[in-house]
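Take a look at the letters that make up each chain.
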Amino acid sequence: MKQSNMEFIRKAGLVVFMTGMVVFLASFFLAKYSYTPEIVDIHVHEAEQNLLLKKELEPNEGRINNSNISYVKMLSDAIAKVNKIQLEKYTINNIDINNIINRSKDLKFSLSLADSVFAGNSLEVVFKRESFTAYGGWLDDREFDSQASMKEVLSGIAANISRYEISGKKGFDSYRTKDLKYALTKAASVGPVRDHPLLFIFLTFGLCIIGAVIYLLPGIKELPGIKNDHIFNNSMTSRGWLGILTGSFLIIFYILLYYLPEYMTNWIIMVDPLSMALKGSEAGRFFLYGFIYTLAILVMGVRMMIKYRGNTYQQIRTVSVMFFQTAFAFLIPEILLRLNKPYFDFKNIWPLDYDFFFDNSLNQLLAGGTLGIFMLGWGISLIIIGVPVMVYFFGKRWYCSWVCGCGGLAETLGDPYRQLSDKSLHAWKIERVVVNSVLVLAVVMTAGVLYTYWTGSSQIAGLNTYSVREAYGFWIGAAFAGVVGTGFYPLMGNRVWCRFGCPLAAYLGIVQRFKSRFRITTNGGQCMSCGNCSTYCEMGIDVRWYAQRGQNIIRSSCVGCGICSAVCPRGVLKLETGTEKGRFGKPVLLGNDSFRDSS
Amino acid sequence: MKQVVIIGNGISGITAARNIRKLSDLEITVISAETDYFFSRTALMYVFMGHMKFEHIKPYEDWFWKKNNINLINAYVNKIDVSEKKLYLSGAGSIEYSILILALGSVTQMFGWPGQDLKGVQGLYSYQDLVLMEENVINVKHAVITGGGLIGVEMAEMLMTRGVHVTFLVREKGYWQNLLPEEESQLVSRHLRSHGVELKLESELEKIIGDENGHVVSVKTNHGEILDCEFVGLTAGVKPNIKLLEETPVETSKGIMVDSYLETSVEDIYAIGDCAEMRMPEKGRISIEAVWYAGRMMGETIAHTVSGHKTAYKPGKWFNSAKFFDIEYQTYGNVGNVLHAGEDKFYWEDASGTRCLKLVFDKETNILKGINVFGLRMRHEVCDRWLRENRTIFYVMEHLKEADFNPEFSSKFDREILDKFNDGGFGTEVVLRKNQSVLSKFLGF
């Protein structure tokens, strides 16, 4: 095909793709929000909260909000108001506490005192009685030195009840608030996307896929061989304005997804029909995310297949990540839900899958019958047998660049950015500290969660295990893995999370470093230090440092993507899994016999 | 303390500096006017093509030199005073040396073509050449490259990434035929053409024609053909850079004459790399080996001598590698462009015509003498061992798999190669060794 024709087709593909992107972005704003009391009835089942919320929202009935920002603000205000009302109603106040103290004999506290102060059948006193028993039970029969110290302790209990119990039982705690805002916004959304979701799927995802394929296909006509031409002249792939723009878009998308899902309801409405078809219920934000994620891996996987024609290793590896994402991460879990079985991704491994041992996950699996027990056993076997055995024979690549979902996205969507990883020694030092710290953190967090699961106590050494796991989820699970992990592709390369953050990668890496057959060997004396290997190493390994001195590359971080070997112009690098013997051999540069006799 | 001064921060000079540092506490200074820091010369093309930025082709981070106590000076050496043991630098005064290592590299070979100094006409060797090429390539639609060696192909590949139409003038009947045998030369020629390079064989540059601004507009070939172009690449090879030694007693011929210890005719002055010319090259080697690997090996060797362990330079079995667009090339041992007396060959080429294997061996003894391989990767260590151990071609055929260095899952050609070999009438039928069972491979028996 003529060069100019190819350019024309490429440009046409780009235009179609950009059209899809623009419609996708525009659809974010293409809705109005109309509040009706029915949506509260659907989502709030507790009678008390239901009535209060409806009362607060009543003035907005029949009013159309043009923007989700004002609509969400209205919801936030109403929810906050309900919480305030409930707090005032149910708080154990000074009068209550003084009553308890006054009725006590010789400053001795007993639960019966509280019961007598909170006697009666009204909602308030029943709640106060029950919650005081739950939170203050440990104080039964305690004697105090003074009124002041007794008051201090009892006030502390009252404060804990206000903080944890009232919003949870009588109002809306932070989790509930987030869910509710999302659900009430989605339910209130009206407009073209709601009316024609399938049309919008076509106009957004459909056009993006078609455009991308049109853009990519002419590549088949080129001669096989890896073309990295102009990567550092292109603003998309060299931290130019296009790259920064793309990174910003991804970062905003992840922030919306994890922290402000109530603003992206229109995108979720769009994929409702798909979700209905697949699992028989409406889409949630993570269905949308899984859908986009899988599409990205598939379309950019096609790009990989074209780009790395002539390198079978790359092609098989790409098919593998495309398959595991589509089947194991996306379809099977959704189908399991449809069959009323526990949601389970058979290829996800703790500690990357950090909530595997959370009480709700464990309970769900334990309640899931034989299949649930099998899933639990499978998950644990992967951790204690799967990882070490597979890494011993094949290196951590069996997971990181063949199976893993994060790795799958990095190897496909992220491939155009692999050259942006930092290769300095300094970066390596930071990497080792940070990634291993996250592993320690994940182990500690999980140990705490299991402690609570077995003992029922949520306090260890002054730490609340729920707070620890919440913090881990917020900072590591969402901020690091998502916002930074993917959002920073165009800024710091496609493996920021895998390199600096993934606790599973750290675990796999420790096995790979100390007990594995995997290594990258160098070919005699053929290296001429060009630097392609280091530049295109997504993990920021300075491959050349080893190659130019004839030393095997054995690094805990190496995910075995094989690109160093693929881009080497002199055939110097080969991923190998021979016997362990000689793996850590002395560096050898062949060709010079000057010291052959002496050394 | 002894002051070792090295002129040139290419692979030879830098390897010398690094290895002297490993072996001794001598004071080391490296002087270069080309760049502040060592870079990989062979990778300049990738910077032009946008595969890498210049910083990526520096094999060591900038802090490395200070940490290893190697002084770097960016200056041009104007003059060497051999009797005073002193170097005079451009702008920066002078520097004394106890030991001087000349690692001056090469310069582009010019044959006095009329018009070779016109604007838009250049060679490609140094960092400055790369910068010049960036300027020269602006608005260029047609380029002519003359001289069918490695740099010519690199230049063609570079220019084509900027959408330039390239006409490649080659004096011989096929590309690089003063080094490559006929079949291999044809294979590369075909590949160049498939990429759109206009290869004109048996064509030589007669003169370069310029316009009133002194810029090239066309070239004339020895067939009288006029080729319009805005860029001319002169890539008919390089020669040792010895201008600095013109007024010194250091003996030169084509290069700086050195003995087997790489010492020049003047005591305490050594020469390594492209600029050195061996008085007595090892058997089977030429006197000037302007390749990366030779420079590196000389650098390693001289470091031992300078550090007090006098060591003769003894290169082992010859090897080299290159890449022609998408086709990688490796060579081990000696494969001439024509068979020498008493030699025979085995040649296999795959159906696509982009991969081949050539084995040259002794007709009498069947002992392997050299390997050429295109489009496949072979294991240096194994090829080197076969050559050292004087293995016969039958042994090589039987053990061909051991030399496989291709990425996992690559198409296998050993069956095909062996069939071709057995059909070749070389006497003995070679049977492929049985495949290891998957289980034993897995368990590593």
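Residues numbered from 1 in each chain as written. Chains lettered and ligands numbered in written order. Predicted model: local features only at pLDDT ≥ 70, side-chain atom pairs only at ≥ 80, totals over all residues. Heavy atoms only, no water.

Novice: Would you take a moment to explain the nonpolar core for this structure?
Specialist: Side chains of a nonpolar character, in soluble globular proteins, are inclined to be buried together. In this structure, Ile80, Leu87, Ile101, Leu102, Met378 and Trp386 of chain B are the most contacted members of the largest nonpolar core, which totals 129 residues. The element that contributes the greatest number of residues to this core is helix 7 (residues 292-306) of chain B, accounting for eight residues. With sequence-adjacent residues up to four places away left out, Leu87 of chain B is seen in contact with Val5, Ile7, Ile31, Val77, Lys79, Ile80, Gly93, Ser94, Ile95, Tyr97 and Leu100 of chain B. Membership of the second largest hydrophobic core comes to 68 residues, among which are Leu362, Met375, Val387 and Cys400 of chain A. (Core = buried A, V, L, I, M, F, W, Y, C linked by side-chain atoms within 4.5 Å. Buried < 20%, exposed > 50% of the residue type's maximum accessible area, 1.4 Å probe, protein only. Helix = DSSP H or I, 4+ residues; strand = E, 2+ residues; numbered from the N terminus. Contact = heavy atoms within 4.5 Å.)

Novice: Quick question: what am I supposed to make of the packing of helix 21 (residues 425-455) of chain A against helix 25 (residues 503-514) of chain A here?
Specialist: Helix-helix packing: each pair is described by the crossing angle between the helix axes and the interaxial distance. Residues and elements named next belong to chain A. The interhelical angle for the contact between helix 21 and helix 25, taken along N-to-C directions, is 105°, at an axis separation of 8 Å. With respect to each other, helix 21 and helix 25 are oriented roughly perpendicular. Contacts between helix 21 and helix 25 involve Val435, Asn436, Val438, Leu439 and Ala442 from the first element and Pro503, Ala506, Tyr507 and Ile510 from the second. For the contact of helix 21 with helix 25, the per-class residue count stands at eight nonpolar, one polar and no charged. (Axes fitted to C-alpha atoms, helices over the stretch in contact; angles between N-to-C directions. Parallel < 35°, antiparallel > 145°, perpendicular 65-115°, else oblique. Nonpolar A, V, L, I, M, F, W, Y, C, P; charged D, E, K, R; others polar.)

Novice: Whenever I open this one, the interface of chain A and chain B confuses me. Can you help?
Specialist: Often, the extent of an interface is quoted as the loss of accessible area upon association of its parts. If you look at the interface, chain A gives 60 residues, while chain B gives 62 residues. Across the chain A/chain B interface, buried area totals approximately 5,000 Å², and carbon plus sulfur atoms make up 48% of it. Our enumeration of links across chain A and chain B arrives at four salt bridges. In this structure, Arg397 of chain A and Glu408 of chain B form a salt bridge, with 2.9 Å as the shortest nitrogen-oxygen distance. Every element with two or more residues in the side of chain A that touches chain B is listed here: helix 16 (312-338), helix 18 (369-394), strand 6 (519-522), helix 26 (532-535), helix 27 (543-547), helix 28 (563-567) and strand 7 (573-576) of chain A. Considering every element that reaches the side of chain A that touches chain B, the biggest residue donor is strand 7 of chain A, with four residues. Grouping the amino acids of the side of chain A that touches chain B by side-chain chemistry returns 24 nonpolar, 24 polar and 12 charged. (Buried area = accessible area lost by both parts, 1.4 Å probe. Salt bridge = Lys/Arg side-chain N within 4 Å of Asp/Glu carboxyl O.)

Novice: How should the domain arrangement of chain B be read in this particular structure?
Specialist: Residue and element names in this part refer to chain B. On domain assignment, one finds that chain B holds domain 1 (3-107 + 239-306), domain 2 (121-236) and domain 3 (319-443). Taking the mean C-alpha position of each, domain 2 and domain 3 sit 32 Å from one another. Each side of the interface is counted separately: domain 2 has 22 residues, and domain 3 has 19 residues. Between domain 2 and domain 3, a total of about 1,700 Å² is buried, with carbon and sulfur atoms accounting for 64% of that surface. On the surface where domain 2 and domain 3 come into contact, there are four salt bridges. (Domains from an automatic or database assignment.)

Novice: Just checking my understanding: could you explain the sheet that holds strand 7 (residues 99-102) of chain B for this structure?
Specialist: Strands belonging to one sheet form pairs held by backbone hydrogen bonds; the direction of such a pair is parallel or antiparallel. Residue and element names in this part refer to chain B. Here five strands make up an open sheet; going across it, the order is 3-2-1-7-19 and the pairing parallel. Where the open sheet ends on each side, the last strands, each with one partner, are strand 3 (70-74) and strand 19 (269-271). Taken pair by pair, the neighbouring strands of this sheet meet at an average axis angle of 20°, ignoring direction. The sheet contact formed by strand 1 (residues 3-7) and strand 7 spans four bridges and is parallel. Across the sheet, the residue bridging to Val5 is Leu100, located in strand 7. Contacting strand 1, strand 7 and strand 19, helix 7 crosses the sheet at an angle of about 170° to strand 7. (Pairing = 2+ DSSP bridges.)

Novice: Got a minute to help me understand helix 25 of chain A in this structure?
Specialist: The α-helix winds at 3.6 residues per turn, so residues separated by three or four positions along the chain end up facing the same way. Residues and elements named next belong to chain A. With 12 residues, helix 25 ought to run about 16 Å at 1.5 Å a step, and its terminal C-alpha atoms sit 17 Å apart, in line with that. Of all the positions in helix 25, only Pro503, Leu504, Ala505, Ala506, Leu508, Gly509, Val511 and Gln512 are classed as buried. The secondary structure elements touched by the buried residues of helix 25 are helix 18, helix 19 (397-400), helix 21, helix 22 (465-487) and helix 24 (496-501). (Expected span 1.5 Å × (residues − 1).)

Novice: Hey, could you run me through the pairing of strand 22 (residues 327-333) of chain B in this one?
Specialist: Sheet faces and side chains relate simply in a regular strand, where the side chains alternate between the two faces. Residue and element names in this part refer to chain B. The buried fraction of strand 22 amounts to seven of the seven residues, a majority that puts the element mostly inside the structure. Sheet analysis places strand 21 (residues 319-324) next to strand 22, joined by six bridges and oriented antiparallel. Within the sheet, the bridge partner assigned to Lys323 lies in strand 22 and is Glu328. Counted between consecutive antiparallel strands, the loop separating strand 21 from strand 22 contains two residues, among which Phe325 sits at a positive phi close to 50°. Sheet analysis places strand 22 next to strand 25 (residues 368-374), joined by five bridges and oriented antiparallel.

Novice: Looking at this model, I keep getting lost on empty space enclosed by the protein. Mind explaining?
Specialist: The rolling of a water-molecule-sized probe over the atoms marks out the regions of remaining empty space. Residue and element names in this part refer to chain A. According to the stated counting rule, one finds six cavities of 30 Å³ or more in the structure shown. In this structure, the largest cavity encloses a volume near 200 Å³. Residue composition of the lining of the largest cavity, grouped by class: eight nonpolar, two polar and five charged. Estimates place the volume of the second largest cavity at around 110 Å³. What lines the second largest cavity is a set of 14 residues, among which Cys537, Ile541, Cys558, Cys561 and Cys564 lie closest to the centre. (1 Å grid on protein atoms, 1.4 Å probe; cavity = no way out; pocket = protein on both sides within 12 Å on 5 of 7 lines; lining within 4 Å. Points joined across faces, edges and corners; volume = space filled by probe spheres on them.)

Novice: What should I look at first to understand the pattern of salt bridges in this one?
Specialist: Side chains that carry opposite charge are capable of pairing whenever their charged atoms lie near each other. Under the criterion given, the structure shown has 49 salt bridges over all chains. Between Glu251 of chain B and Arg279 of chain B there is a salt bridge, and its shortest N-O distance comes to 3.1 Å. With Glu251 of chain B in the loop between strand 17 (238-240) and strand 18 (256-258) and Arg279 of chain B in the loop between strand 20 (276-278) and helix 7, this pair connects stretches of sequence that are 28 residues apart. Relative accessible area serves as the criterion here: at 36%, Glu251 of chain B is assigned to the partly exposed category. Residue Arg279 of chain B is classed as partly exposed on the basis of its relative accessible area of 35%. Where Asp404 of chain B meets Lys412 of chain B, a salt bridge forms, and the shortest distance between an N and an O atom there is 3.7 Å. Several salt bridges converge on common partners, so that one network encompasses Arg303, Arg317, Glu411, Asp415, Arg418, Arg495 and Glu538 of chain A.

Novice: I'm lost on the pairing of strand 13 (residues 205-210) of chain B in this one. Help?
Specialist: Residue and element names in this part refer to chain B. Of the pairings in the sheet, the one linking strand 13 to strand 14 (residues 216-221) comprises five bridges and is antiparallel in character. Its bridge partner lying in strand 14, Gly210 is registered against Val216. What sits between strand 13 and strand 14 in their antiparallel hairpin is a turn of five residues, with Gly214 showing a positive phi close to 75°.

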